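The chain contents come next:
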Amino acid sequence: MNRTTLSLIAGTTALAAVTGFAALSAPDAPGTDTAAKAAAQLPVERTSLLCPAPSTSDLAETSYTSFTPVTKGTGSGGKAELRQADEESADAPADGEDKGKDGGKSGEDEPAKPVLTPKEPGKPVTGDSSGGDAPALVGTADGRFAPGWTVQETTEVAAGTGRGLQGVNCTAPDTDFWFPGASTDADRTDYVHLTNPDDSAAVVDIELYGKDGVLKSEVGEGITVPPHSSEPVLLSTLTGERQTNLTVHVNVRSGRVGAAVQALDDKLGGDWLAASTDPSGSLVLPGIPKDATSVRLVALTPGDADADLKVRLASPSGPITPAGHETVHVKGGMTTAVDLGDVTRGEAGSLVLTPTDRSVPVVAALRVVRGKGDKQETAFIPATRPVGTRATSADNSGKGGTLSLTAPGAAATVKVTASAGSEGGTPVSKSYTIKAGTTQDIEPPAPGGLKGTYALTVETVSGGPVYGARTLTASEDGVPAFTVQTLPDDRGTVAVPEADEDLSVLQK
């Protein structure tokens, strides 16, 4: 594979990405009885993405893949680019700086070029970095590059703490994140990576919830993340307590950040832990590998009320109740962990949590282990949103990957499209029907004449909600290295109510 080499400077961490916007029509004047017209789904006009600093290991090899699916109605303009998080986003110098004879920056003050720039929607662009100095990246896309823009960061670490395969989707800046499955155990080194993409400082509180409730810590309050910068926060510096299972809550008082947890184990490898979907009474955690040797469920209800949940495994043949784990009781404000063992028993599976009685909002994630003895590797699967209209997954190579789809309610049909390859190949689409209550593992279709890496898009065609995850695997000296990324809706479109009148004259 002929990937562009990224020249990346040292920097610290974190991730983030968002957000589409479109102009809304003006409301009807008071006293009118005109009914609002149905909202139209239009492509988003701008998206932001943040990628965490991948590793501090000198042995790390990181690849980045950027991809935007082709979306109707976007026109022909726009661009997408990734830059170092610690760079100024504006091209013009700040007030008081020397602009030079040409009125601009010069020499070392001139902003560095983007490290990764896609050329056209529908074709991935890749880049590489080596060692432990790669910084966090901040990306923006507009026009035809914005809808569904996806960047995957995948790192291989040959040895040491967290060795194995680590992968994460660069995601959106936000103000509230929940991470069940973190730890301050003696064998774990867990960091919360915070990235601020904006021009003003962000102020963040980090709360830790253990088995007995909130862990007292004043160090986690009022953490300042400077503009255009990334901060890694070591969890063990926030508390003196050793806790095997923690839930991390990142709450942004001012501004917005991207956040992700890097969970590194001395013996079991490591991976990125992405945020759980918003607290909900029912949750789906898709894509447990069929050869998982150990699966641990970690859950928390953020409020004071307890939650009682039914535990079901959506298998290829239908829903199964794990023996001895028919239900789980989650005490309010306390992290609960349940070891489910080899719950999939050699078949594809997704965990489905539903309330036994009244619904109480819950967040949850799975810690999944493959391998045995000293040849074990870890990955995490957070509860996620449905595929919805379309979900996008980058960095597929045509080998060592699995697409897992589950329909926990009604049966559904989806269309899976493999994009052109980054260095050549023609797109291929294929439809699949997922039976009600089942999970289906699919060997992803590959582009014809594939060269390089490619992206997958999953679109719901009919039926009930579908949830998905993509697993990448690799062999590292006998260690079954792997990483799992869930496939929530890529939010490439936004609902825009149609105006009853042409109001463009008001803009002149």
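See the structure printed just above.
Now for a look at the structure at hand. Along each chain, the written sequence defines residue order, and numbers are assigned to residues from 1. Selection of residues for local features in this predicted model requires a pLDDT of at least 70, selection of side-chain atom pairs for listing and counting requires 80 or more, and totals for whole chains, interfaces and linings are taken over all residues. The side-chain figures draw on all heavy atoms in the structure; neither hydrogens nor water molecules are used.

1. Overview of the packing of aromatic side chains
Here a ring pair, both rings aromatic, is described through the centre-centre distance and the interplanar angle of the planes.
1) Next: Any Phe, Tyr or Trp ring, taking Trp's six-membered ring, that has another such ring centre within 6.5 Å forms a pair; planes under 30 degrees apart are called stacked, those over 60 apart edge-to-face, and the others tilted. Under the criterion given, the structure shown has 2 aromatic pairs.
2) Next: Measuring from ring centre to ring centre gives 6.3 Å for phenylalanine 177 and phenylalanine 179, while their planes differ by 10°; the resulting arrangement is stacked.
3) Next: The buried label goes to any residue with under 20% of its type's maximum accessible area, the exposed label to any with over 50%, and the partly exposed label to all in between, with areas taken from a 1.4 Å probe on protein chains only. Residue classification places phenylalanine 177 among the buried positions, given a relative accessible area of 6%.
4) Next: Phenylalanine 179 sits in the buried class, given a relative accessible area of 0%.
5) Next: For the pair tryptophan 178 and tyrosine 209, a centre-to-centre distance of 5.8 Å together with 45° between the ring planes defines the contact as tilted.

2. Notes on the state of the cysteines
1) Next: The criterion for a disulfide is a pair of cysteine sulfur atoms lying within 2.5 Å. A complete count under the given rule lists 1 disulfide for this structure.
2) Next: Through a disulfide, cysteine 51 is tied to cysteine 170; the S-S separation comes to 2.0 Å. One quick way to see it: the torsion about the S-S bond of cysteine 51 and cysteine 170 is about 110°, and its sign makes the bridge right-handed. On the criterion of sequence distance, the pair formed by cysteine 51 in strand E4 (residues 46-51) and cysteine 170 in the loop between strand E10 (164-169) and strand E11 (176-182) is long-range, its members being 119 residues apart. Secondary structure elements follow DSSP: runs of H or I of four or more residues count as helices, runs of E of two or more count as strands, with numbering from the N terminus.

3. Brief notes about the environment of alanine 379
1) Next: Counting through the fold element by element, alanine 379 comes out in strand E28 (residues 375-382).
2) Next: As for alanine 379 and arginine 367, which are separated by 12 residues in sequence, their C-alpha atoms are 6.1 Å apart.

4. Focus on unusual backbone geometry
1) Next: One non-glycine residue with positive phi stands out, namely arginine 345, at about 50°.
2) Next: Take arginine 345: it is sitting in the loop between strand E25 (336-341) and strand E26 (349-355).
3) Next: Despite not being glycine, arginine 491 has its phi angle at roughly 50°, a positive value.
4) Next: Checked against the element boundaries, arginine 491 lands in the loop between strand E38 (479-486) and strand E39 (493-497).
5) Next: According to the relative accessible area criterion, arginine 491 is exposed, its value standing at 54%.

5. Points about the sheet that holds E38
1) Next: Ordered by their spatial adjacency, 4 strands build an open sheet running E34-E30-E37-E38, and the pairing between neighbours is antiparallel. Across the chains shown, the open sheet's two edge strands, defined by having one partner strand only, are strand E34 (438-442) and E38. Direction aside, the axes of adjacent strands within the sheet are offset by 20° on average.
2) Next: At least two DSSP bridges between two strands are required for those strands to pair. Judged from the 8 bridges that link them, strand E37 (residues 467-476) and E38 form a sheet pairing that is antiparallel. Across the sheet, threonine 473 pairs through a bridge with phenylalanine 482, a residue of E38. Comment: axis = line fitted to C-alpha atoms, over the contacting stretch for helices; angle = value between 0 and 180 degrees taken between N-to-C directions.

6. Notes on the sheet that holds strand E18 (residues 258-265)
1) Next: The 4 strands are arranged E16-E12-E18-E19 in an open sheet whose pairing can be described as antiparallel. Sheet topology places strand E16 (229-234) and strand E19 (269-273) at the edges, where each strand pairs with a single neighbour. Between one strand axis and the next, the sheet turns through 20° on average, direction left out of account.
2) Next: Two elements, E18 and E19, share 5 bridges in a ladder whose sense is antiparallel. Bridge pairing links alanine 263 to aspartate 271 in E19.

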